[in-house]
Amino acid sequence: MTKKGRTGGHIVTEHLLRQGVERVFCVPGESYLPILDALYRKKIKTIVCRQEGGAAFMAEAQAKLTGKTGVVLATRGPGAANAVIGIHTAMQDSTPLILLLGDVGRDFYGREAFQEVDFAAMFAPLCKWAARVEDIAHLPSMLEHAFQQAVSDRPGPVVLALPEDLLREEAAPPKAKVLPAFRPQASRDQLDAAAVLLKRAKRPLLIAGGSQWTEEGRAALDLLARKWKLPIAVPFRRQDLISGQHPGFAGDLGIGPDPQLLKAAMEADLLFLLGTRLGEIASQGYRLPVAGQTVIHVHAGAGELGKVFHADLAINATPDSFVQAFLEPSAPAKPAWSAWTKQLRQARQEWSKPQPTGGTLDAGLVMETLERLLPDDAILTVDAGNFAGWPQRFLTFGSRRLLGPTCGAMGYSIPAAVGASLQEPDRTVVSFVGDGGALMTGQELATAIQHKAKPIILIFDNGMFGTIRMHQEARYPGRVVATDLQNPDFASWAESFGAFGQTVTKTKDFEPAFKRAMACGKATVLHLKTDPDIITPRMRLTKMKPKP
Ligand SMILES: Cc1ncc(C[n+]2csc(CCOP(=O)(O)OP(=O)(O)O)c2C)c(N)n1
Ligand SMILES: [Mg+2]
């Protein structure tokens, strides 16, 4: 910094501080040295990661957990390419995330310079807004807009490319302001109209989803469902929106949902969609809403209303503000659907009760142990893969948080657990991951050790890319291609990082191993050797029937 002003790098970090950013996740690059230098001795913690995908997942998970925008720093073409998976995840999950990219200098731009990519074009379909800052005078307003966009209406990722010469340039533009988010709210008339439709229903089903639920919003959702005695379901990986013990909780419309819940969702006469897009997975391949169902759709993004299905009542409001306001209209004392709610609740309780699912190390009984041992405020992160069917079905959430990529990105769980553990160092953070996912981003265990994060990582090792093997067996029985995996000894792999590692092959050994993991005070890997034939809680690979 000189008398002339601040460097572009300083303008960026000053604004991060003003936005209340406590931590940034990065892989360094020579293209954005001025930002790194401006972070030197700043209050913001710089978490150096091993791969930009891991950095982006950490920031995304932190944002999911806190509701505050996550920030990732990466370099030009290669760094940006690695970070894409986190941007795609934040987009599909509606998570506020900002990726700041060091870019080719303006003096070289347009010549396919070293690592040059047109980032606005590259990220256009992947995020809410992608732009390149061309003039340092525009930097403050573009930073303001980036943060405002990330949290406004339907939240999501924003990408800003920052030319390296601009980051070195000195200027004295006005300071960037913290602009309020645009958060639409329902009108009185819309609230009344929703109450009228709901009162007419005989078999309503509330489906709450989406992002940016505050503690007040969650509490209001809990109350709303109690007051109206509604059955409440959640879409894929949103189980933590409502307590697993709630008298109306009917389960999740994820991958392989409870057939009874699916049947009920099809038979419901009214779907009350709160914050969810009712995407491909929740709608079970766009089979919901069914013709004739009345639909109330509340969503923060106006562009989501009527995009895929018709709603009888479409309301542009954040789910959080809507549920709090909807506590006002009076509910019937004895709603017509009381028995229906009880029936759905009963089905959920039967479906989710932990039970043996077979094998020398029985994953069903492992869940029973976890359900007993996990603290109420534990944070669980899940990867993509068939192993995820166990925790998502048999564990209860609510005060326990569930962080998972609804886009099914493998490699999410370990970095997400590192990010969550950095954010909440006193809470138990457990990562659920398959042997395939573990080696996609597992090197972020080094980041955990370096920054003293303490996730407990459970690697479910069935020696294969199980999900794909299952699909292969269904479509091309006996023709196994590219799904077998030869794995390392994950316990000694973990030990080599300085983490605690243990292999578990028998059900009875899981409980003492998990207790040791909770007590050891550092990052842990439990290598769980599971039976490859037990491909889901209900199916055996060797007994699968080919798809017609
Ligand atoms: C980044 C990424 N690549 C590929 C896939 C496709 N995919 C979905 S699940 C899966 C296999 C997961 O294997 P593993 O982690 O071992 O879990 P398992 O299914 O065996 O329990 C694959 C390859 C994906 N979802 N994400
Ligand atoms: Mg596997």
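Basis of the calculations
Residues numbered from 1 in each chain as written. Chains lettered and ligands numbered in written order. Predicted model: local features only at pLDDT ≥ 70, side-chain atom pairs only at ≥ 80, totals over all residues. Heavy atoms only, no water. Near = heavy atom within 4 Å. Polar contact = N/O pair within 3.5 Å; in protein donor to acceptor, adjacent residues only side chain to side chain. Areas by Shrake-Rupley, 256 points an atom, 1.4 Å probe, with all protein chains shown as cover. Helix = DSSP H or I, 4+ residues; strand = E, 2+ residues; numbered from the N terminus. Nonpolar A, V, L, I, M, F, W, Y, C, P; charged D, E, K, R; others polar. Donors = N, O, S within 2.8 Å, 3.2 Å for Na, K, Ca; no water. Buried < 20%, exposed > 50% of the residue type's maximum accessible area, 1.4 Å probe, protein only. Contact = heavy atoms within 4.5 Å. Pairing = 2+ DSSP bridges. Axes fitted to C-alpha atoms, helices over the stretch in contact; angles between N-to-C directions. Core = buried A, V, L, I, M, F, W, Y, C linked by side-chain atoms within 4.5 Å. Parallel < 35°, antiparallel > 145°, perpendicular 65-115°, else oblique. Left-handed = near helix turned anticlockwise from the far one by under 90°. Domains from an automatic or database assignment. Buried area = accessible area lost by both parts, 1.4 Å probe.

A. Structural context of the site of ligand 1. What surrounds ligand 1 is a group of 18 residues, the closest being Asn 386, Gly 408, Asp 435, Gly 436 and Gly 466. In this structure, a nitrogen atom belonging to ligand 1 sits 3.2 Å away from a main-chain N or O atom of Met 410. Between ligand 1 and the protein, one listed contact pairs an oxygen atom with a backbone N or O atom of Gly 436 at 2.8 Å. The protein chains hide 78% of the 590 Å² of surface that ligand 1 would expose on its own. Every element with two or more residues in the shell around ligand 1 is listed here: helix H16 (435–441) and helix H18 (466–475). Considering each element in turn, the shell around ligand 1 owes the most residues, 4 residues, to H16. Its residues assigned to classes, the shell around ligand 1 comprises 8 nonpolar, 9 polar and 1 charged.

B. Spatial organisation of the coordination of the magnesium ion (ligand 2). Coordination sphere of the magnesium ion (ligand 2), protein contribution only: Asp 435 (OD), Asn 462 (OD1) and Met 464 (O), at 2.0 to 2.2 Å. Written as a sequence motif, the donor residues of the magnesium ion (ligand 2) are D-x26-N-x1-M. Taken together, the residues Asp 435 in helix H16 and Asn 462 in the loop between strand E18 (456–461) and H18 connect sequence positions 27 residues apart. Residue class for Asp 435 comes out buried when judged on its relative accessible area of 2%.

C. Up close: helix H13 (residues 363–373). Looking at H13, one finds that the buried residues are Ala 363, Gly 364, Val 366, Met 367, Thr 369, Leu 370 and Leu 373. Residues of H13 that are buried sit in contact with helix H14 (389–394), strand E17 (429–434), E18 and helix H20 (507–519). Measuring from the backbone nitrogen of Gly 364 back to the side-chain oxygen at the start of H13 gives 2.8 Å, which picks out Asp 362 as the cap.

D. How the structure looks around the sheet that holds strand E16 (residues 401–403). The 6 strands lie next to each other as E16-E15-E17-E18-E20-E19, forming an open sheet whose pairing is parallel. Of all strands in the sheet, those bounded by a partner on one side alone are E16 and strand E19 (500–504). Neighbour to neighbour, the strand axes of the sheet diverge by 20° on average, direction disregarded.

E. View of the nonpolar core. Formed by 53 residues in total, the largest nonpolar core has its most connected members in Leu 206, Leu 221, Phe 272, Leu 274, Phe 322 and Phe 326. Contact partners of Leu 221, with chain neighbours within four places excluded, come to Leu 206, Ala 208, Trp 213, Ile 232, Leu 241, Ile 242, Leu 274 and Val 323. Listed in part, the 41 residues of the second largest apolar core include Cys 49, Ala 59, Ala 130 and Leu 445.

F. View of the packing of helix H3 (residues 52–66) against helix H15 (residues 413–423). Direction vectors running N to C along H3 and H15 enclose 50°, while the axes themselves pass 7 Å from each other. Judged on the interaxial angle alone, H15 and H3 are oblique. Relative to H15, the crossing made by H3 is right-handed. Taking contact as the criterion, the partners of Gly 54, Phe 57, Met 58, Ala 61, Gln 62, Leu 65 and Thr 66 in H3 are, on H15, Pro 415, Ala 416, Val 418, Gly 419, Ala 420 and Gln 423. When grouped by side-chain class, the residues that make up the contact of H3 with H15 number 8 nonpolar, 5 polar and no charged.

G. The arrangement of the side chain of Glu 164 in detail. Along the chain, the position of Glu 164 falls in helix H7 (residues 164–168). Accessibility expressed as a relative area gives 18% for Glu 164, which makes it buried. Filtering out sequence-adjacent residues up to four positions away, Glu 164 remains in contact with Glu 30, Ser 31, Arg 76, Asp 103, Val 104 and Gly 105.

H. Molecular detail of unusual backbone geometry. Of note, the bond from Leu 288 into Pro 289 is cis; its omega dihedral lies within 30 degrees of zero at -10°. Looking at the element boundaries, Pro 289 is found in the loop between strand E12 (270–274) and strand E13 (294–299). With a phi angle near 55°, Gln 284 is a residue other than glycine that sits in the positive phi range. Residue position: Gln 284 is located in the loop between E12 and E13. The backbone phi angle of Tyr 286 is positive, close to 60°, even though this residue is not glycine. Note that Tyr 286 resides in the loop between E12 and E13. The class of Tyr 286 is partly exposed, set by a relative accessible area of 48%.

I. How the structure looks around the packing of H13 against H20. Where H13 contacts H20, the two axes come as close as 10 Å, and the packing angle between them is 35°. Handedness of the H13/H20 crossing: right-handed. Residues Leu 365, Val 366, Thr 369, Leu 370, Arg 372 and Leu 373 of H13 form the contact with H20, whose own contacting residues are Thr 507, Phe 510, Glu 511, Phe 514, Lys 515 and Met 518. Here the residues of the contact of H13 with H20 are counted per class, giving 7 nonpolar, 2 polar and 3 charged.

J. Seen up close, the domain arrangement of the chain. Splitting the chain by domain gives domain 1 (6–171), domain 2 (188–351) and domain 3 (363–544). A C-alpha centroid distance of 30 Å is found between domain 1 and domain 3. Counting residues at the interface gives 23 residues for domain 1, matched by 25 residues for domain 3. Summing the contributions of domain 1 and of domain 3, the shared interface buries around 2,000 Å²; its carbon and sulfur component is 62%. Considering only the side of domain 1, the residues that lose the most area to domain 3 are Arg 50, Met 58 and Leu 65, jointly responsible for 32% of the buried surface there. Scanning the region where domain 1 abuts domain 3 turns up 12 residue pairs in polar contact (both at pLDDT 80 or more). Of all elements in the fold, only strand E2 (23–26), strand E3 (45–48), H3 and helix H4 (76–93) reach the threshold of two or more residues within the side of domain 1 that touches domain 3. With 10 residues, H3 is the largest single contributor of residues to the side of domain 1 that touches domain 3. Across the side of domain 1 that touches domain 3, the residue classes break down as 10 nonpolar, 8 polar and 5 charged.

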